[in-house]
Amino acid sequence: QKEVEQDPGPLSVPEGAIVSLNCTYSNSAFQYFMWYRQYSRKGPELLMYTYSSGNKEDGRFTAQVDKSSKYISLFIRDSQPSDSATYLCAMSAIRQTGANNLFFGTGTRLTVIP
Amino acid sequence: DTEVTQTPKHLVMGMTNKKSLKCEQHMGHRAMYWYKQKAKKPPELMFVYSYEKLSINESVPSRFSPECPNSSLLNLHLHALQPEDSALYLCASSQDYLRPSNTEAFFGQGTRLTVV
C-alpha cells in the first residue's frame with residue numbers, strides 16, 4: 001500500500017464548477033499537508049499549506065485536513081481554464097534531521113473546459 | 001520572495017559527459033532537496049541537505065553526486081549518465097521543522113535533462 005493515495009483522473013469540469021480533489025494517507029505521523037499545482041513541463045507551485053488538522057482558505061481555494069479519517073481535500077471554486085493543471089498532494093512528518101521529506105500523491109490531472 | 005532558481009533550464013548531455021545542475025535560494029531556508037520527476041509521475045526524492053549536511057540519500061546511484069557549498073546553494077554533479085536518467089530534475093527548499101508554521105517546501109522550475 002502506498003503511503004499517499006490520490007485519484008489520477010483525468011478530471012474534466014466546465015468553467016465555473018466547483019472542483020474537489022482528494023488524497024488519503026496511511027501514516028498517522030503526517031502533520032504537514034500541502035497542495036501543489038504543476039503545469040506541463042514546469043516545477044510544482046505551492047498552493048496551500050496546512051499544519052495539523054483544520055481548514056484553510058485562500059481566494060478560490062480551500063484546503064481541508066481530517067486527520068481522524070486520514071483524508072485531505074482541496075476545493076476550487078469558480079474554476080477557470082487557467083486552473084487546468086496537475087494537482088499534487090504532499091505530506092510529511094517531523095524528522096530528527098530537521099528536513100521536510102515529502103510524500104507525494106500521484107497527482108490529479110484537471111481540465112477546465114471554457 | 002519564495003523563489004528557488006535552477007540553472008540550466010534545459011540540458012542535453014552524452015553518456016560520457018560531466019555536467020552540473022545548480023540551485024539557489026535566498027529565503028534563509030536550511031533544508032534543500034533534489035527530486036527527480038519522470039513524465040506523468042510525482043517527484044521522487046533523491047537527496048536532502050539539512051544545515052549543509054547530507055541527511056538523506058535515497059539509494060541514488062553514484063553517477064549523481066550532490067554538493068551543498070553553502071546554505072543558499074545546492075549542486076548536482078552528473079557523470080556517466082544513462083538514457084533512462086532523462087527526466088525533470090527539481091530542487092526544493094524549506095525552513096526547518098522547529099518552525100511548524102512554515103515548513104512548506106518551495107520548488108524551482110526544474111532542469112529538463114536529456115541523456116543521449
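Structure report, in brief.

Cut-off values and rules
- Residue indices follow the written sequence of each chain, beginning from 1 at its first position.
- Here every chain gets a letter starting at A, and every ligand a number starting at 1, in the order they are written.
- Residue-level local features of this predicted model are given only where pLDDT is at least 70; pairs of side-chain atoms are given and counted only at 80 or more, and the full residue set underlies all totals for whole chains, interfaces and linings.
- Only heavy atoms go into the side-chain values, all of them from the structure, while hydrogens and water stay out.
- Note: two strands are recorded as paired if DSSP finds a minimum of 2 bridges between them.
- Runs of E in the DSSP output that reach at least two residues are strands. Runs of H or I that reach at least four are helices, and both are numbered from the N terminus.
- The disulfide criterion used throughout: a pair of cysteine sulfur atoms within 2.5 Å.
- Burial status follows relative accessibility: with a 1.4 Å probe on protein chains alone, a residue under 20% of its type maximum counts as buried, one over 50% as exposed, and anything between as partly exposed.
- What counts as an axis is a line fitted to C-alpha atoms, over the stretch in contact for a helix, and the angles between N-to-C directions run from 0 to 180 degrees.

Each regular strand carries side chains that alternate between the two faces of the sheet. All names here are of chain A. Strand direction decides the pairing type here: strand S4 (residues 32-38) and strand S5 (residues 45-51), joined by six bridges, are antiparallel. Looking at the pairing, arginine 37 lines up with glutamate 45 of S5. Taking the residues that link successive antiparallel strands as the turn, the S4-S5 hairpin has six residues, and the phi of arginine 41 there is positive, at about 65°.

Residues and elements named next belong to chain B. All told, the structure shown has two disulfides over all chains when counted by the stated rule. Here cysteine 23 engages in a disulfide with cysteine 91; their sulfurs sit 1.9 Å apart. With the S-S bond torsion at -70°, the cross-link from cysteine 23 to cysteine 91 turns out left-handed. Pair noted here: cysteine 23 is in strand S3 (residues 18-25) and cysteine 91 is in strand S9 (residues 87-94), with a separation of 68 residues, a long-range link. For the pair formed by cysteine 23 and cysteine 91, the shared burial category is buried. Unpaired in terms of disulfides, cysteine 68 finds its nearest cysteine sulfur in cysteine 91, a separation of 9.2 Å. A relative accessible area of 14% places cysteine 68 in the buried class.

The strands making up a sheet associate through backbone hydrogen bonding, with each pair oriented either parallel or antiparallel. Residues and elements named next belong to chain B. Reading across the sheet, the four strands line up as S1-S3-S8-S7 and stay open at both edges, with antiparallel pairing between neighbours. If you trace the sheet from one side to the other, it starts and ends with strand S1 (4-7) and strand S7 (64-70), each paired once. This sheet shows a mean twist of 20° between the axes of neighbouring strands, independent of strand direction. Sheet topology note: the S3/strand S8 (residues 73-79) ladder contains seven bridges and is antiparallel. Of the residues in S8, the one forming a bridge with lysine 22 is asparagine 75.

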